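Below are the chains, spelled out letter by letter.
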Amino acid sequence: RRPLCSDAFTLFQRGDNRRQEFDADVRDATTYLLFEQLPSFVASMRDQNYLARKIDNGTADLKSELHKRGLNLSLLGRVRRCAQWQRDGDAVVLREIATDMVARVLKCELRRYMREAR
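Model, not experiment: these values are computed from the prediction.

This part takes up the side chain of Asp23. Here Asp23 is to be found in helix H1 (residues 19-47). The buried charged residue Asp23 lacks any salt bridge, with Arg19 as its nearest oppositely charged partner at 4.1 Å.

Note: most residues except glycine have negative phi, and most peptide bonds are trans. A positive phi angle, close to 65 degrees, is found at Phe9, a residue other than glycine. Assignment of secondary structure puts Phe9 in the segment before H1.

Next up on the list: the pattern of salt bridges. One pass over the full model with this rule turns up 6 salt bridges. Between Arg2 and Asp25 there is a salt bridge; the shortest N-O distance is 2.6 Å. Placement of Arg2 in the segment before H1 and of Asp25 in helix H1 is noted, with a sequence separation of 23 residues between them. Residue Asp25 is classed as buried on the basis of its relative accessible area of 14%. Its salt-bridge partner being Lys68, residue Glu65 comes within 3.6 Å of it at the nearest N-O pair. Pair noted here: Glu65 and Lys68 are both in helix H3 (residues 62-68), with a separation of 3 residues, about one helical turn. Residue classification places Glu65 among the buried positions, given a relative accessible area of 12%. For Lys68, a relative accessible area of 64% puts it in the exposed group. Taken together, the shared-partner salt bridges connect Arg2, Arg18, Glu21 and Asp25 into one network.

Rules used in this analysis
Residues numbered from 1 in each chain as written. Predicted model: local features only at pLDDT ≥ 70, side-chain atom pairs only at ≥ 80, totals over all residues. Heavy atoms only, no water. Helix = DSSP H or I, 4+ residues; strand = E, 2+ residues; numbered from the N terminus. Buried < 20%, exposed > 50% of the residue type's maximum accessible area, 1.4 Å probe, protein only. Lys, Arg positive; Asp, Glu negative; His and termini not counted. Salt bridge = Lys/Arg side-chain N within 4 Å of Asp/Glu carboxyl O.

Coordinates in, geometry out; function isn't part of it.
Set out below in structure tokens:
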């Protein structure tokens with residue numbers, strides 16, 4: 001692991017002779033995130049009985065679990081798709097992910113509506 005250049009894939013690094021290296025680092029990190037970290041997270045949701053913990057004592061939180069693995073909430077759609085592919089999709093896990101996705105959209109829409117109502 002090493003720090004990534006925030007200017008990767010931009011014209012800000014146009015004159016930098018390490019431009020290709022910076023771009024490659026970000027490309028590699030993205031590939032790792034999407035094809036290793038994300039599937040590993042989905043598998044761990046099943047293996048660690050994520051939903052049983054959530055229902056029993058409220059300790060599991062999808063947002064926190066994602067962030068522990070370095071996954072942003074903007075990847076929820078990919079998480080759900082990955083869950084569908086693994087073992088034909090666990091209906092309870094898929095429903096939990098979809099519920100979080102819908103709740104986030106509704107929260108954003110409600111905030112937008114409230115701002116416009118002023």
